[in-house]
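Inside the fold
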Amino acid sequence: MSASTTIDGFATRIRNGEGGGMISAWIGVPDPLFVSHLAQEAFDAVVLDMQHGVWDVVPAANGIAQGRLAGKPVLVRIPVGEFSLASRLLDAGASGIIAPMINSVADAEAFVKYAKYPPLGERSWGPTLAMNHMKLPASDYLAGANEKTVAIAMIETRAALDAADEILRVEGIDGIFIGPSDLSIALSNGAKLAPDTPEMDAVLKHLVARCRAHGKFACVFGSNGERAGELLKMGFDFVIAGADTHQLRSGAASAISAARKVQAG
(Lines give C-alpha, C1' and ligand atoms only; values in the text may rest on other atoms or scores of the structure.)
Protein backbone atom coordinates (compact mmCIF):
# COMPACT_ATOMS: atom_id res chain seq x y z
CA MET A 1 0.00 0.00 0.00
CA SER A 2 1.47 3.36 -1.02
CA ALA A 3 1.78 6.27 1.40
CA SER A 4 -0.79 8.24 -0.63
CA THR A 5 -3.51 5.66 0.13
CA THR A 6 -2.96 5.35 3.88
CA ILE A 7 -4.65 7.40 6.61
CA ASP A 8 -1.55 9.56 6.88
CA GLY A 9 -1.58 10.09 3.13
CA PHE A 10 -4.90 11.95 3.50
CA ALA A 11 -3.24 15.38 3.36
CA THR A 12 -1.45 14.48 0.13
CA ARG A 13 -4.64 13.16 -1.45
CA ILE A 14 -6.74 16.20 -0.64
CA ARG A 15 -4.02 18.65 -1.69
CA ASN A 16 -3.58 16.84 -5.00
CA GLY A 17 -7.29 16.42 -5.65
CA GLU A 18 -6.94 12.65 -5.92
CA GLY A 19 -9.97 10.40 -6.24
CA GLY A 20 -12.35 12.90 -7.84
CA GLY A 21 -13.49 14.39 -4.57
CA MET A 22 -13.91 12.96 -1.07
CA ILE A 23 -17.12 12.34 0.89
CA SER A 24 -16.93 12.60 4.68
CA ALA A 25 -19.13 11.66 7.60
CA TRP A 26 -20.00 14.44 10.05
CA ILE A 27 -20.52 13.47 13.69
CA GLY A 28 -21.83 15.70 16.46
CA VAL A 29 -23.05 12.98 18.85
CA PRO A 30 -20.13 12.70 21.30
CA ASP A 31 -19.71 8.94 21.30
CA PRO A 32 -16.70 7.19 19.78
CA LEU A 33 -19.01 4.27 18.93
CA PHE A 34 -20.72 6.50 16.36
CA VAL A 35 -17.33 6.94 14.74
CA SER A 36 -16.78 3.19 14.79
CA HIS A 37 -20.09 2.56 13.02
CA LEU A 38 -19.94 5.30 10.38
CA ALA A 39 -16.26 4.69 9.65
CA GLN A 40 -17.25 1.20 8.46
CA GLU A 41 -19.16 2.79 5.58
CA ALA A 42 -17.55 3.99 2.35
CA PHE A 43 -16.74 7.45 3.64
CA ASP A 44 -13.31 8.80 2.78
CA ALA A 45 -12.98 10.51 6.16
CA VAL A 46 -14.83 11.42 9.35
CA VAL A 47 -15.29 14.88 10.87
CA LEU A 48 -16.01 15.36 14.58
CA ASP A 49 -17.93 18.57 15.24
CA MET A 50 -16.90 20.24 18.51
CA GLN A 51 -18.46 23.58 17.56
CA HIS A 52 -22.14 22.64 17.41
CA GLY A 53 -21.78 19.04 18.52
CA VAL A 54 -21.01 18.32 22.17
CA TRP A 55 -17.66 16.56 21.97
CA ASP A 56 -15.08 17.11 24.70
CA VAL A 57 -11.37 16.43 24.27
CA VAL A 58 -11.21 12.93 25.79
CA PRO A 59 -14.07 11.39 23.77
CA ALA A 60 -12.76 13.22 20.69
CA ALA A 61 -9.35 11.60 21.17
CA ASN A 62 -11.09 8.23 21.49
CA GLY A 63 -13.15 9.02 18.39
CA ILE A 64 -9.96 9.75 16.46
CA ALA A 65 -8.61 6.37 17.57
CA GLN A 66 -11.81 4.59 16.50
CA GLY A 67 -11.62 6.21 13.07
CA ARG A 68 -8.01 5.23 12.63
CA LEU A 69 -8.80 1.69 13.79
CA ALA A 70 -11.35 1.50 10.95
CA GLY A 71 -8.78 2.86 8.49
CA LYS A 72 -10.27 6.34 8.15
CA PRO A 73 -8.67 9.74 8.73
CA VAL A 74 -10.47 11.87 11.30
CA LEU A 75 -10.68 15.66 11.21
CA VAL A 76 -12.09 17.85 13.97
CA ARG A 77 -13.97 21.12 13.80
CA ILE A 78 -12.98 23.04 16.90
CA PRO A 79 -15.14 25.70 18.64
CA VAL A 80 -14.85 29.31 17.51
CA GLY A 81 -11.50 30.83 18.50
CA GLU A 82 -10.32 27.86 20.58
CA PHE A 83 -7.16 27.42 18.55
CA SER A 84 -5.25 25.76 21.38
CA LEU A 85 -7.52 22.75 20.89
CA ALA A 86 -6.02 22.34 17.42
CA SER A 87 -2.68 21.37 18.94
CA ARG A 88 -4.23 18.94 21.41
CA LEU A 89 -6.31 17.16 18.77
CA LEU A 90 -3.40 16.92 16.36
CA ASP A 91 -1.41 15.48 19.27
CA ALA A 92 -4.19 12.88 19.56
CA GLY A 93 -3.76 11.87 15.93
CA ALA A 94 -6.28 14.01 14.04
CA SER A 95 -5.51 14.30 10.33
CA GLY A 96 -6.71 17.87 10.19
CA ILE A 97 -8.41 20.74 11.98
CA ILE A 98 -11.32 22.83 10.71
CA ALA A 99 -11.50 26.25 12.38
CA PRO A 100 -14.83 28.13 12.16
CA MET A 101 -15.35 31.86 11.70
CA ILE A 102 -11.96 32.67 10.18
CA ASN A 103 -12.85 36.19 9.07
CA SER A 104 -9.48 37.80 8.45
CA VAL A 105 -5.78 37.27 7.87
CA ALA A 106 -5.23 37.81 11.60
CA ASP A 107 -7.66 34.98 12.41
CA ALA A 108 -5.96 32.70 9.87
CA GLU A 109 -2.50 33.47 11.24
CA ALA A 110 -3.66 32.83 14.82
CA PHE A 111 -5.04 29.46 13.73
CA VAL A 112 -1.84 28.47 11.93
CA LYS A 113 0.17 29.40 15.02
CA TYR A 114 -1.38 26.46 16.89
CA ALA A 115 -1.85 24.03 13.98
CA LYS A 116 1.68 24.02 12.52
CA TYR A 117 5.20 23.60 13.87
CA PRO A 118 7.91 26.18 13.02
CA PRO A 119 8.67 27.71 10.63
CA LEU A 120 4.95 27.99 9.78
CA GLY A 121 3.57 28.22 13.30
CA GLU A 122 4.32 27.72 16.98
CA ARG A 123 2.64 24.39 17.76
CA SER A 124 3.89 23.03 21.06
CA TRP A 125 5.57 19.62 21.19
CA GLY A 126 3.74 16.64 22.71
CA PRO A 127 2.26 14.36 20.00
CA THR A 128 2.51 11.12 21.99
CA LEU A 129 -0.72 9.57 20.69
CA ALA A 130 -0.11 10.76 17.13
CA MET A 131 3.32 9.12 17.09
CA ASN A 132 1.81 5.94 18.50
CA HIS A 133 -0.85 5.91 15.79
CA MET A 134 1.65 6.62 13.02
CA LYS A 135 4.34 4.35 14.48
CA LEU A 136 6.93 7.09 13.98
CA PRO A 137 9.91 8.20 16.08
CA ALA A 138 9.85 11.80 17.24
CA SER A 139 12.31 13.07 14.63
CA ASP A 140 10.32 11.61 11.73
CA TYR A 141 7.02 12.89 13.10
CA LEU A 142 8.37 16.42 13.47
CA ALA A 143 9.86 16.38 9.98
CA GLY A 144 6.54 15.47 8.35
CA ALA A 145 3.82 16.77 10.65
CA ASN A 146 3.12 20.04 8.83
CA GLU A 147 2.67 18.16 5.55
CA LYS A 148 0.76 15.18 6.97
CA THR A 149 -1.93 17.29 8.65
CA VAL A 150 -4.16 20.02 7.25
CA ALA A 151 -5.34 23.35 8.65
CA ILE A 152 -8.69 24.33 7.13
CA ALA A 153 -10.21 27.81 7.56
CA MET A 154 -13.98 28.17 7.47
CA ILE A 155 -15.49 30.84 5.23
CA GLU A 156 -18.99 31.57 6.50
CA THR A 157 -19.41 35.32 6.95
CA ARG A 158 -19.49 38.36 4.69
CA ALA A 159 -16.12 39.48 6.11
CA ALA A 160 -14.58 36.08 5.37
CA LEU A 161 -15.96 36.09 1.83
CA ASP A 162 -14.48 39.54 1.23
CA ALA A 163 -11.13 38.42 2.67
CA ALA A 164 -11.05 34.98 1.02
CA ASP A 165 -8.10 35.72 -1.25
CA GLU A 166 -6.04 37.11 1.62
CA ILE A 167 -6.93 34.16 3.86
CA LEU A 168 -5.94 31.72 1.11
CA ARG A 169 -2.57 33.44 0.79
CA VAL A 170 -1.69 32.75 4.44
CA GLU A 171 1.11 30.18 4.56
CA GLY A 172 -0.01 27.21 6.60
CA ILE A 173 -3.68 27.45 5.59
CA ASP A 174 -4.07 24.34 3.45
CA GLY A 175 -7.63 24.91 2.29
CA ILE A 176 -11.01 26.38 3.16
CA PHE A 177 -14.29 24.90 4.32
CA ILE A 178 -17.44 26.76 3.35
CA GLY A 179 -20.45 26.82 5.66
CA PRO A 180 -23.35 27.56 3.26
CA SER A 181 -25.94 27.90 6.03
CA ASP A 182 -24.09 30.60 7.98
CA LEU A 183 -22.98 32.26 4.75
CA SER A 184 -26.56 32.44 3.48
CA ILE A 185 -27.67 34.00 6.77
CA ALA A 186 -24.81 36.51 6.64
CA LEU A 187 -25.36 37.49 3.00
CA SER A 188 -29.10 37.97 3.58
CA ASN A 189 -28.42 40.06 6.70
CA GLY A 190 -30.21 37.47 8.81
CA ALA A 191 -33.29 37.28 6.61
CA LYS A 192 -33.07 33.65 5.52
CA LEU A 193 -31.42 30.28 5.86
CA ALA A 194 -30.91 29.22 2.23
CA PRO A 195 -27.81 27.08 1.74
CA ASP A 196 -29.00 25.23 -1.37
CA THR A 197 -30.03 27.92 -3.83
CA PRO A 198 -28.75 29.18 -7.20
CA GLU A 199 -27.60 32.37 -5.49
CA MET A 200 -25.49 30.41 -3.03
CA ASP A 201 -24.20 28.19 -5.84
CA ALA A 202 -22.76 31.26 -7.54
CA VAL A 203 -20.86 32.12 -4.35
CA LEU A 204 -19.64 28.55 -3.96
CA LYS A 205 -18.37 28.41 -7.54
CA HIS A 206 -16.54 31.71 -7.00
CA LEU A 207 -14.80 30.32 -3.92
CA VAL A 208 -13.82 27.08 -5.68
CA ALA A 209 -12.25 29.23 -8.40
CA ARG A 210 -10.32 31.28 -5.81
CA CYS A 211 -9.01 28.04 -4.24
CA ARG A 212 -7.81 26.87 -7.64
CA ALA A 213 -6.10 30.20 -8.24
CA HIS A 214 -4.17 29.86 -4.97
CA GLY A 215 -3.42 26.14 -5.27
CA LYS A 216 -5.53 25.32 -2.20
CA PHE A 217 -8.37 22.82 -1.77
CA ALA A 218 -12.06 23.54 -1.22
CA CYS A 219 -14.38 21.81 1.28
CA VAL A 220 -18.09 22.35 1.93
CA PHE A 221 -21.03 21.10 3.98
CA GLY A 222 -23.74 19.33 2.00
CA SER A 223 -27.15 18.91 3.58
CA ASN A 224 -27.66 15.39 2.21
CA GLY A 225 -26.24 12.88 -0.24
CA GLU A 226 -27.83 14.40 -3.33
CA ARG A 227 -26.54 17.85 -2.47
CA ALA A 228 -23.09 16.39 -1.79
CA GLY A 229 -23.09 14.96 -5.32
CA GLU A 230 -23.97 18.37 -6.77
CA LEU A 231 -21.13 19.96 -4.81
CA LEU A 232 -18.65 17.36 -6.06
CA LYS A 233 -19.73 18.14 -9.62
CA MET A 234 -19.18 21.82 -8.80
CA GLY A 235 -15.51 21.01 -8.17
CA PHE A 236 -15.24 20.68 -4.40
CA ASP A 237 -12.47 18.42 -3.14
CA PHE A 238 -14.15 17.36 0.12
CA VAL A 239 -17.87 17.35 0.91
CA ILE A 240 -20.13 16.39 3.79
CA ALA A 241 -23.13 14.21 2.87
CA GLY A 242 -25.31 15.32 5.78
CA ALA A 243 -24.91 15.17 9.56
CA ASP A 244 -25.08 12.07 11.72
CA THR A 245 -28.37 13.11 13.35
CA HIS A 246 -30.03 13.62 9.97
CA GLN A 247 -28.82 10.23 8.75
CA LEU A 248 -29.93 8.54 11.97
CA ARG A 249 -33.41 10.02 11.91
CA SER A 250 -33.94 9.59 8.17
CA GLY A 251 -32.91 5.95 8.48
CA ALA A 252 -35.33 5.45 11.36
CA ALA A 253 -38.14 7.22 9.49
CA SER A 254 -37.52 5.05 6.43
CA ALA A 255 -37.69 1.85 8.50
CA ILE A 256 -40.91 2.92 10.24
CA SER A 257 -42.50 3.92 6.93
CA ALA A 258 -41.56 0.58 5.36
CA ALA A 259 -43.00 -1.35 8.30
CA ARG A 260 -46.31 0.60 8.21
CA LYS A 261 -46.56 0.15 4.44
CA VAL A 262 -46.22 -3.64 4.75
CA GLN A 263 -48.66 -3.66 7.68
CA ALA A 264 -51.25 -1.71 5.70
CA GLY A 265 -50.83 -3.94 2.65
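The following paragraphs examine the structure supplied in this document. (Residues numbered from 1 in each chain as written. Predicted model: local features only at pLDDT ≥ 70, side-chain atom pairs only at ≥ 80, totals over all residues. Heavy atoms only, no water.)

1. Here's the deal with the sheet that holds strand E1 (residues 22–27)
What counts is decided by this rule: Should DSSP find at least two bridges between two strands, the strands are taken to pair. In this text, helices come from DSSP runs of H or I with a minimum length of four residues, and strands from runs of E with a minimum of two, each type numbered from the N-terminal end. The convention used is that axes are lines fitted to C-alpha atoms, helices contributing only their stretch in contact, and that angles between N-to-C directions extend from 0 to 180 degrees. Every residue pair with non-hydrogen atoms within 4.5 Å of one another is taken to be in contact.
In space, the 8 strands of this closed barrel follow the order E1-E2-E3-E4-E5-E6-E7-E8, with parallel pairing throughout. Averaged over all adjacent pairs, the angle separating strand axes in this sheet is 25°, with direction ignored. Direction of pairing for strand E3 (residues 74–77) relative to strand E4 (residues 96–99): parallel, over a ladder of 3 bridges. Each bridged residue has a counterpart across the sheet, and for Leu 75 the counterpart in E4 is Gly 96. Along the sheet face, helix H5 (residues 105–115) touches E4 and strand E5 (150–155) and points at about 155° away from the line of E5.

2. Topic: unusual backbone geometry
To keep things clear, this is the line we draw: Relative accessibility under 20% of the residue-type maximum defines a buried residue, over 50% an exposed one, and the middle range a partly exposed one, all with a 1.4 Å probe and only protein chains included.
Here the residue pair Pro 118 and Pro 119 is connected by a cis peptide bond, since its omega of 10° sits within 30 degrees of zero. As for its placement among the helices and strands, Pro 119 is situated in the loop between H5 and helix H6 (128–134). Non-glycine residue Lys 135 carries a positive phi angle of around 55°. Counting through the fold element by element, Lys 135 comes out in the loop between H6 and helix H7 (138–148). Classification of Lys 135 as exposed rests on a relative accessible area of 74%. Phi is positive for Asn 189, which is not a glycine, with a value near 55°. With respect to the helices and strands, Asn 189 occurs in the loop between helix H10 (180–187) and helix H11 (198–214). For Asn 189, a relative accessible area of 71% puts it in the exposed group.

3. Brief notes about the pairing of E5
Among the 6 residues that make up E5, 6 are buried, leaving the element largely enclosed by the rest of the structure. Side-chain alternation along E5 places Val 150, Ile 152 and Met 154 on one buried face and Ala 151, Ala 153 and Ile 155 on a second face that is also buried. As paired strands, E4 and E5 are joined by 4 bridges and run parallel to one another. Bridged to Ile 98 within E5 is Ile 152. Pairing of E5 with strand E6 (residues 175–178) involves 4 bridges; the strand directions are parallel. Considered in E6, the bridge of Ile 152 is made with Gly 175.

No statement about biological role is implied by the geometric values presented.
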